[in-house]
Amino acid sequence: MTAPTTAPRTTGFDAAPGSTVVVRDEEWLVTQVEPTADGHFVHVVGLSGLVRDTEAVFSTAIDHVTVADPADAAVVADESPRYRESRLWLEAMLRKTPVPVTEDSLTTAHRALADPLPYQFEAVRKALDPDNLRPRILLADAVGLGKTLEIGMILSELARRGRGERILVVTPKHVLEQMQFELWTRFALPFVRLDSTGIQRIRQKLPANRNPFAFFKRVIISIDTLKSDKYVAHLRRHRWDAVVIDESHNVTNSSTQNFRLASMLARQTDAMVLASATPHNGDPRSFAALVRMLEPSAVKPDGVELDEKQVERLIVRRHRHSPEVASVVGADWAERKEPQNVLVTPSPLEEEIAVELEDTWLWPTSGSSPYSGRGGATLFPWTLAKAFLSSPAALEESVRKRLRALDAGTETSDEDESLVTPDADDGGIPDARATAGTGTRATERTALARLHDLATRSLTERSAKYDALRDHLRGIGVGKGSDMRAVVFAERVATLGWLQGRLTKDFGLKPENVAVLHGGLSDVDQQRIVESFKLASSPIRVLVTGDVASEGVNLHSHCHHLVHYDIPWSLIRIEQRNGRIDRYGQKNAPQITALLLDPQRTRRFGGDLRVLTRLVEREHHAHHALGDTASLMGQYSVAAEEKSIADVLRQARSLESVVKEVEEVAADDGPAGLLARLMNLGASTEAPPAPAAAPTGGRTGVYDDDLAFLEDALTQIYTTPGQEPSNGVAWKKAANASVASLKPPRDLRQRLEVLPQSYLADRRVTEVLRLATTAAQGTRELANARSAESTSVWPEAHFLGPLHPVVEWASDRALASLGRNQVFAVRGDLEELTVLVQAALYNVRGQVVATSYQTVAFPNLDNPGFALPKPHESAAAAIEALHLGATNKGGVAGASGLQPYVRQAVRSAESAVGDQITSIEITAKKRVEAWLDRSRHWRLEASALISREVGAARTGITNRQSDIDEESRLAREMLPERTLLRPLLVVVPPGLDLPEPGAETHSTEEYT
């Protein structure tokens, strides 16, 4: 039923979850409504005949969907014990009603299996701020603050608000399973993982031309997979409720395919969450383009200048030592120790190699390098030096590859030589310093052969730096029979394999005790190693890894020692590596150790190498003061930083000119300075006042918890849920009620198919679904899964949270307990006949803007036209006021005769909520007008600018204006459009005798 409003409303499809409809001559219960370009998708469950309990989706553009008038709802007496049936129906109805988009309290985030901190709640509330046109945010917290947890909290709140049905999560491939794990175990949000195994599984199920994004509602995929032409074509035809791009610094370069993909997704989704500790590449245009993905009008028409006030609404930026973080993390994030920089005196052979590199390649005594290639004369010698500083194996490999390139007649050595080859992040532009070499092929081959002989000898002779690593690992307790672990980072794959072989032999370990992780492994193998390392039962004692593990991988659960076997020539890389063990949840003080050869017989090489230890110290200082090391160099690219440090090492530039001080960053007028200001850099370090507790809600007031609701639902569905199927579901509950289990019926098994496949396999969920029914037990289950006795990282019993699929299944079954357009009548400890009515205000997009709950009392049954509506602040408050009976002594006799009171209750509530709706509409219109005013102001600026521009600049402004036009259209769709009222329950006072069906009753028509 549509209520009168203060402005004309468009007529359209008036239905919402809980409504009953008739489609194709069958009755259906609506469980979800999705607006589309030409109508609505209506998700339903069958109520009648052959379609009972059948799930379907209809399109109003194709099918004629008839909506029942809620004012005509027939009254049905609830005869179930303790009014179980009506309680279940009411609970399900309230759960299915989306939380209003303007609601500022948290409804699910605080009820997940997590221990969120106040600063994380603030990130969620900022993302969901009603003043935002759409929920869009950049989570730019420093490494380790829990961005994944914030993502899960935001997505769970969106799901509860009806804005998170279709979600796409994009991550680097090596963290696919980790993200999937966190979202499922903590928030009960299942995602289909499209890694290589997942894609193969889908190909077996779907036709080749079928859009997988239309088949799976929630998908997690790597950006490398997603940007293939096949998936891009599918994406262009699909819209999302929410898109998450983790490690979004991988899409900041506006000239790359990654950026173009992210920009397309930004236009195809309502909500968007970007997450990165280094959210820009130093280019103001690229950063502006990233901000424009979130909100086009936050960037001025020139495409560069930012509206800083708007940007502040879109970005969350804190670091470990921000006052609001430091005041709450406490012992759950142990303070990092001062870094240990170990200068290692080389072995005689290592000294000989260092002298050879200096005299022949770096500062040639002959006056020129023997390098003969067309480019890289300045940088290739430092590529050799970099390989030498990694390991003998890396040096031997680099020399061998260069010799092979010379023999083949090619000009460059290998793609791995990052100092020589163009950097992909720089758009493939060759480095300006990569000038042609002056040597001949013959002289270069001779010099390389001499170096290769030395490198080959070093593979079998003593390595002082390896000895230092071995002694360090022994010193911290790594060894056979010990639980101590360490992560050893090295840059080159050759170094990783060399270290694995020597460590395994010298420590008397098995190959499984020293694991190697690098980008050449498949995504499945990478995930397997990372997940194993998280387990207390893992056999891995030393994880020897390349920089594939430096982004997004959590290694802190059972490890607090990290060794840089070679020191990256990049502050970004050093910070990323350190963040693997230095993050929230680390109980032991992280110890970072860096090993560096310190040649004694060279003229310049040894002294210059000490620059690298200063990099480690600069990263540590920035970690405390800034939380972001990338801005110190301003390169925002690992390869670019490496080339700059190479300049410092060859004394072409000073370290001070390449690496800024923290204070210089704060004064920067580009993206780095903006982000520093967002962190209140330079503000008092005193702990701020304790933040106000985030307002929370989400409880319906019908059931105390999810377990009580599920248990009642199972009893209602099966009568004997403890029996084996098909008479029950083998429902069992532990004596302390902290763990329960059931055997899923067929329709529930179908829903569980989208759960993580490794979880389904490891825990055999479709056979027996085990549930942790308290948060404390859920936390224990997670801990047990990482214990020495566990063989799977997945918890044996999954936490029964409010969004769990089994709860959704129970809700749908409960809603189907009533027939077409019916409402239950029950007894309650009231003095007057009372009807509970829900009013929901919807905007043009079909989103719930506000809800209102009215109890409408009838003091005189002989005068049905006299009704007293009373508003309540929440559904829980309204239900509490009904004083529902705890014992059902028999269904309300003559319940069908109460229909006139239901009709009048809807009409009275309709009038009563008018003023409330008007107030909400005014607020909503003010928000929309503010957006439209900004759009109009932007267009005026654009018009003035475009008149002065030509060519590409004018085209760019025109393209950006199309985004502003779309933003304006979306703003108008946020305007309230219609109000839907429906009766939820009729409560009859005890002892009140009602007329028998067929007896004379008053018609409300004569009173209205």
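Structure first, text after, so check above.
Here the structure is a predicted model, which is why all the values come from computation and not from measurement.

Peer 1: Mind showing me how you'd approach the sheet that holds strand 24 (residues 822-827) here?
Peer 2: Strands pair in a sheet through their backbones, by hydrogen bonds, and they do so in one of two ways: parallel or antiparallel. Sheet architecture is open: six strands sit in the order 6-24-28-25-26-27, paired in mixed fashion. Strands with a single pairing partner mark the edges of an open sheet, and in this sheet they are strand 6 (74-77) and strand 27 (868-872). Averaged over all adjacent pairs, the angle separating strand axes in this sheet is 30°, with direction ignored. The pairing of strand 24 with strand 28 (residues 976-988) spans three bridges and is parallel. Along strand 28, the bridge assignment pairs A825 with V986. Against the sheet, helix 1 (residues 84-96) makes contact with strand 24, strand 25 (833-843), strand 26 (848-858) and strand 28, and its axis sits at roughly 165° relative to strand 28, the strand it touches most. Lying on the sheet, helix 33 (residues 899-912) is in contact with strand 6, strand 24, strand 25, strand 26, strand 27 and strand 28; it crosses strand 26 at an angle near 130°.

Peer 1: Mind showing me how you'd approach the packing of aromatic side chains here?
Peer 2: Any aromatic ring pair is given by two values, namely how distant the centres are and how the planes are angled relative to each other. Per the counting criterion, the structure on display carries 15 aromatic pairs. With a centroid separation of 5.1 Å and an interplanar angle of 75°, the aromatic rings of W28 and F58 are classed as edge-to-face. In this pair, W28 sits in strand 2 (residues 26-36) while F58 sits in strand 4 (residues 55-59), placing the two residues 30 residues apart along the sequence. This pair shows no difference in class: W28 is buried, exactly as F58 is.

Peer 1: Just to check I follow, could you spell out the pattern of salt bridges for this structure?
Peer 2: Pairing of side chains with opposite charge becomes possible as their charged atoms draw close. Across all of its chains, the model carries 61 salt bridges by this definition. E724 is the partner of K743 in a salt bridge, and the nearest nitrogen-oxygen pair spans 2.6 Å. Remark: E724 occurs in the loop between helix 27 (706-718) and strand 20 (732-733) and K743 occurs in the loop between strand 21 (739-742) and helix 28 (746-752); sequence separation between them is 19 residues. The exposure class assigned to K743 is partly exposed, which follows from its relative accessible area of 28%. Using a relative accessible area of 43% as the deciding quantity, one classes E724 as partly exposed. Taken together, the salt bridges that share partners define one network made up of R163, D270, R845, E966, R969 and E973.

Peer 1: What is the right way to look at the sheet that holds strand 18 (residues 561-564) in this model?
Peer 2: Taken in spatial order, the six strands of this open sheet run 14-19-18-15-17-16, and their pairing is parallel. Each edge of the open sheet is held by one strand with a lone partner, namely strand 14 (340-344) and strand 16 (514-517). Strand-to-strand twist of the sheet, defined as the mean angle between neighbouring strand axes without regard to direction, takes the value 20°. Examined bridge by bridge, strand 16 and strand 17 (residues 542-545) share four bridges and lie parallel to one another. By the bridge assignment for strand 17, L517 is matched with T545. Against the sheet, helix 17 (residues 464-476) makes contact with strand 14, strand 15 (486-489), strand 17, strand 18 and strand 19 (591-597), and its axis sits at roughly 160° relative to strand 19, the strand it touches most. Those strands touched by helix 19 (residues 523-534) are strand 15, strand 16 and strand 17, and its axis lies near 135° from that of strand 16.

Peer 1: Please explain the environment of R610 as it appears in this structure.
Peer 2: Position of R610 relative to the elements: it lies in helix 21 (residues 605-625). Sequence-wise, R610 and F709 are 99 residues apart; in three dimensions their C-alpha atoms are separated by 65 Å. In this structure R610 touches L343, L596 and D598, once residues within four positions along its chain are discounted. Looking at R610, its side chain comes within polar contact range of the side chain of D598, at 2.7 Å.

Peer 1: Looking at this structure, I do not really get the pairing of strand 12 (residues 269-275). What am I missing?
Peer 2: The side chains of a regular strand alternate between both faces of the sheet. Among the seven residues that make up strand 12, seven are buried, leaving the element largely enclosed by the rest of the structure. Pairing geometry for strand 7 (residues 136-139) and strand 12, over four bridges, is parallel. What sits directly across from R136, in strand 12, is M272. Of the strand pairs in this sheet, strand 11 (residues 240-246) and strand 12 are connected by six bridges, and their pairing is parallel. Bridge assignment links A242 to a residue of strand 12, and that residue is A271. In the classification by handedness, the crossover that spans strand 11, the intervening helix 9 (residues 257-267) and the parallel strand 12 is right-handed.

Calculation notes
- Residues numbered from 1 in each chain as written.
- Predicted model: local features only at pLDDT ≥ 70, side-chain atom pairs only at ≥ 80, totals over all residues.
- Heavy atoms only, no water.
- Pairing = 2+ DSSP bridges.
- Helix = DSSP H or I, 4+ residues; strand = E, 2+ residues; numbered from the N terminus.
- Axes fitted to C-alpha atoms, helices over the stretch in contact; angles between N-to-C directions.
- Contact = heavy atoms within 4.5 Å.
- Phe/Tyr/Trp six-rings, centres within 6.5 Å; stacked < 30°, edge-to-face > 60°.
- Buried < 20%, exposed > 50% of the residue type's maximum accessible area, 1.4 Å probe, protein only.
- Salt bridge = Lys/Arg side-chain N within 4 Å of Asp/Glu carboxyl O.
- Polar contact = N/O pair within 3.5 Å; in protein donor to acceptor, adjacent residues only side chain to side chain.
- Right-handed = clockwise from strand over helix to strand, strands pointing away.

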